Amino acid sequence: MKSLVYINDHKQQFLDELFALLRIPSVSADSKFKDEVRNAASFLKEKLEKAGADTVEIIETAGHPIVYGEKIIDSNLPTILVYGHYDVQPADPYELWDSPPFEPVIKNEKIYARGACDDKGQMYMHIKAFEAMVASDELSCNVKFMIEGEEEVGSENLEAFVKENKTRLKSDVILISDTGIISNETPSITVGLRGLSYVEVELIGPNRDLHSGMYGGAVDNPINVLCDMIAKLKDENGKITIPGFYDKVEVLSDHQRAEMAKAPFSLEKYKSDLALGDVFGEKGYSTIERTGIRPTLDVNGIWGGYTGEGAKTVLPSKASAKISMRLVPNQDSTEITKLFEDYFKKIAPSSVSVKVMPHHGGEAAVVSTESIGYKAAEKAMSESFGKIPIPTREGGSIPIVALFQKELELDSILLGFGLDEDAIHSPNESYGLFNYYKGIETIALYHKHFAELSK
Ligand code: BES
Ligand code: MN
Ligand code: MN
């Protein structure tokens with residue numbers, strides 16, 4: 001395939017361009033970076049045009065813009081819709097980075113920067129694979145690109161765009177690189193993602209902060225109460241205690257679980273990579289199952305009272321926490337949020353009042369391994385990695401995947417190349433050079449195989 005030669009000949013250019021994209025701090029959550037988010041969109045528009053897309057638009061939304069581009073070569077050929085996101089998570093806490101998050105560097109064959117893996121590095125592979133195929137006159141499918149700037153804040157405006165643009169988005173498969181593989185020696189294809197219900201809670205006790213000596217012991221402390229209530233949400237076996245929480249959870253057969261257990265996994269390595277004394281999770285399930293097929297609940301942040309230097313004796317008026325629940329197929333995020341709210345209010349003592357504020361959510365998704373889209377991915381990876389990839393279910397969420405299933409009636413092929421060690425959302429996020437180039441090659445092969453299998 002000539003495209004593979006092109007990729008090999010343009011490695012440095014492909015890397016320089018990714019570096020330029022990584023230098024743009026397109027943090028969608030923080031309004032201070034609003035202009036930078038737009039700069040990233042403009043950057044992509046220009047690169048898509050240069051790569052050979054015929055029409056590229058920056059589409060305004062109520063939030064950050066969507067970059068949409070396409071190249072339709074022949075209406076008789078299959079169409080691949082590529083989805084990715086150019087926004088990134090906040091880089092905080094900056095002091096934990098070994099080099100500045102928006103000044104990419106290479107160390108130990110890896111690119112270090114916020115967004116290196118999630119998702120700029122992975123999304124940009126598609127634009128470069130496309131460039132290689134166009135330049136080599138090997139484009140075998142029509143291609144549509146939809147790259148959004150709000151994935152990390154819940155994709156709400158993209159949801160509206162998808163609902164209103166079903167004809168424009170009509171395609172035969174959706175291709176996304178925003179997930180991971182087991183390792184570079186054990187390639188895998190993600191076939192399941194968890195859903196998400198995310199709430200912020202606030203407890204209010206006395207109408208003002210109090211002297212903890214004058215009032216301590218006589219007035220309930222909202223932080224103490226919050227800790228107590230959070231502790232009640234899970235039992236000692238790691239089961240969530242919210243009534244009805246598990247009612248709709250998809251139950252996997254013993255056969256399916258046995259298949260999942262075949263994927264190589266070392267608990268010792270997992271523990272040592274994370275410097276853990278031990279793992280913890282729902283009793284009766286393996287670590288892979290705990291993230292892949294079981295729901296969970298976690299506090300993501302908790303605050304209240306005095307956290308500055310020194311000691312201030314205060315009995316705070318308020319306490320807050322941000323709580324996420326990762327969901328599995330058949331659980332409905334709206335329903336789960338409601339179950340949480342009802343239970344959380346029920347277990348609150350009358351010494352505090354409770355507010356529950358829902359944030360964005362999304363549904364879990366599972367995709368078929370029987371489709372042409374999946375088979376093409378299997379072939380492409382087998383060719384580029386020299387090994388047949390294993391289907392896996394991952395714990396993260398890409399809510400738009402379930403929405404694509406519902407609105408466009410299409411499965412997404414989750415052809416990701418990230419590794420656990422890439423530390424997405426964490427300080428010192430990275431992406432391997434091997435993975436960047438291997439990803440570009442695999443995507444080019446995907447287009448070829450998808451066209452052939454579609455015949
Ligand atoms: N790319 C991730 C999702 C992901 C990570 C899938 C690892 C599989 C493995 C995505 O950018 C992300 O971070 N999603 C958010 C959800 C969103 C609604 C904020 C998440 O999972 O927290
Ligand atoms: Mn992502
Ligand atoms: Mn992310």
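Residues numbered from 1 in each chain as written. Chains lettered and ligands numbered in written order. Predicted model: local features only at pLDDT ≥ 70, side-chain atom pairs only at ≥ 80, totals over all residues. Heavy atoms only, no water.

A. Representation of the coordination of the manganese ion (ligand 2) within the structure. Protein coordination of the manganese ion (ligand 2) is provided by His85 (NE2), Asp118 (OD), Asp178 (OD) and Asp178 (OD), with donor distances spanning 2.0 to 2.4 Å. Seen from the manganese ion (ligand 2), its six donor atoms lie at angles of 56 to 165°, and the figure they make is irregular. Each donor residue of the manganese ion (ligand 2) belongs to the same chain, and together they define the spacing H-x32-D-x59-D. Between the manganese ion (ligand 2) and the manganese ion (ligand 3), a spacing of 3.6 Å is present, and a bridge between the two is formed by aspartate 118. (Donors = N, O, S within 2.8 Å, 3.2 Å for Na, K, Ca; no water. Tetrahedral: all angles 85-135°; square planar, octahedral: opposite > 155°, others 65-115°.)

B. Layout of the site of ligand 1. Not every one of the 17 residues close to ligand 1 is listed here, only the nearest: Glu151, Asp178, Arg326, Ser397 and His425. At a separation of 3.2 Å, an oxygen atom of ligand 1 approaches a polar side-chain atom of histidine 85. In this structure, arginine 326 approaches ligand 1 through a side-chain N or O atom, which is 2.7 Å from an oxygen atom. Bound to the protein, ligand 1 loses 90% of the 520 Å² it would expose on its own. Two domains each put at least three residues into the shell around ligand 1: domain 1 (2–193 + 365–453) and domain 2 (195–249 + 295–362). (Near = heavy atom within 4 Å. Polar contact = N/O pair within 3.5 Å; in protein donor to acceptor, adjacent residues only side chain to side chain. Areas by Shrake-Rupley, 256 points an atom, 1.4 Å probe, with all protein chains shown as cover. Domains from an automatic or database assignment.)

C. Region of the structure containing the sheet that holds strand 5 (residues 110–112). Here we have three strands laid out as an open sheet, ordered 4-5-18, and antiparallel in their pairing. Of all the strands in the sheet, just strand 4 (105–107) and strand 18 (430–432) have a single pairing partner and so form its edges. Ignoring which end each strand starts from, the neighbouring axes of this sheet average 30° apart. Pairing analysis gives three bridges linking strand 5 to strand 18, with the strands arranged antiparallel. In the sheet register, isoleucine 111 faces strand 18, and the bridge partner there is tyrosine 431. (Pairing = 2+ DSSP bridges. Helix = DSSP H or I, 4+ residues; strand = E, 2+ residues; numbered from the N terminus. Axes fitted to C-alpha atoms, helices over the stretch in contact; angles between N-to-C directions.)

D. Spatial organisation of the coordination of the manganese ion (ligand 3). Only Asp118 (OD), Glu152 (OE), Glu152 (OE) and His425 (NE2) from the protein reach the manganese ion (ligand 3) as donors, at distances of 2.1 to 2.6 Å. Of note is the manganese ion (ligand 3), whose six donor atoms meet at the metal with angles of 55 to 156° in an arrangement that counts as irregular. Expressed as a motif, the donor residue spacing for the manganese ion (ligand 3) is D-x33-E-x272-H. For aspartate 118, a relative accessible area of 7% corresponds to the buried category. (Buried < 20%, exposed > 50% of the residue type's maximum accessible area, 1.4 Å probe, protein only.)

E. Representation of helix 12 (residues 400–407) in the model. Counting buried residues along helix 12, six of its eight residues qualify, which places the element largely inside the surrounding structure. Within helix 12, burial applies to Ile400, Val401, Ala402, Leu403, Phe404 and Glu407. Just past helix 12, the residue glutamate 409 takes up positive phi, approximately 55°.

F. How the structure looks around the sheet that holds strand 13 (residues 318–327). Strand order in this open sheet of four strands is 11-13-9-14, and the pairing throughout is antiparallel. The sheet is open, and its two edges are formed by strand 11 (296–304) and strand 14 (353–358), each paired on a single side. Across this sheet, the average inter-strand angle for adjacent strands is 20°, counted without regard to direction. When strand 9 (residues 195–204) meets strand 13, the two strands line up antiparallel, connected through ten bridges. When the bridges of strand 13 are listed, tyrosine 198 appears paired with serine 324. Against the sheet, helix 6 (residues 222–231) touches strand 9, strand 11, strand 13 and strand 14, its axis set at about 15° to strand 13. In the packing of helix 10 (residues 333–346) onto the sheet, contacts are made with strand 9, strand 11, strand 13 and strand 14, and the angle to strand 9 comes to roughly 25°. (Contact = heavy atoms within 4.5 Å.)

G. Spotlight on the domain arrangement of the protein. Taken domain by domain, the protein consists of domain 1 (2–193 + 365–453) and domain 2 (195–249 + 295–362). Between domain 1 and domain 2, the C-alpha centre-to-centre distance is 36 Å. Taken together, the contact between domain 1 and domain 2 spans ten residues of the former and seven residues of the latter. In total, about 530 Å² of surface goes out of reach between domain 1 and domain 2, with carbon and sulfur atoms giving 54% of it. Between domain 1 and domain 2 we count one residue pair in polar contact (both at pLDDT 80 or more) in total. (Buried area = accessible area lost by both parts, 1.4 Å probe.)

H. Structural detail: the pattern of salt bridges. Enumeration over the complete set of coordinates arrives at 29 salt bridges. Here glutamate 46 ties to lysine 47 by a salt bridge, and the two come within 3.8 Å at their closest N and O atoms. For lysine 47, a relative accessible area of 12% puts it in the buried group. A salt bridge links glutamate 250 to arginine 393, with the shortest nitrogen-to-oxygen separation between them at 3.0 Å. In this pair, glutamate 250 is assigned in the loop between helix 6 and helix 7 (254–260) and arginine 393 in strand 16 (residues 390–393), connecting sequence segments 143 residues apart. Salt bridges here are not isolated pairs; linked through shared partners, they connect Glu17, Lys128 and Glu131. (Salt bridge = Lys/Arg side-chain N within 4 Å of Asp/Glu carboxyl O.)

I. Spatial organisation of the side chain of threonine 79. With respect to the element layout, threonine 79 can be found in strand 3 (residues 79–85). Its relative accessible area of 9% is what places threonine 79 among the buried residues. There is a polar contact of 3.3 Å between the side chain of threonine 79 and the side chain of asparagine 142. With residues near it in sequence (within four places) discarded, threonine 79 still touches Asn142, Lys144, Lys170, Ser171, Asp172 and Val173.

J. Quick look at the nonpolar core. Formed by 66 residues in total, the largest nonpolar core has its most connected members in Leu44, Tyr86, Ile127, Ile147, Tyr436 and Tyr446. In terms of residue count, the dominant contributor to this core is helix 13 (residues 433–454) (ten residues). Dropping the residues within four chain positions of it, isoleucine 147 is found in contact with Leu44, Leu48, Pro65, Ile66, Val67, Gly84, His85, Tyr86, Met123 and Ile127. Formed by 26 residues, the second largest nonpolar core is a distinct cluster that contains Val201, Leu226, Ile323 and Ala348. (Core = buried A, V, L, I, M, F, W, Y, C linked by side-chain atoms within 4.5 Å.)

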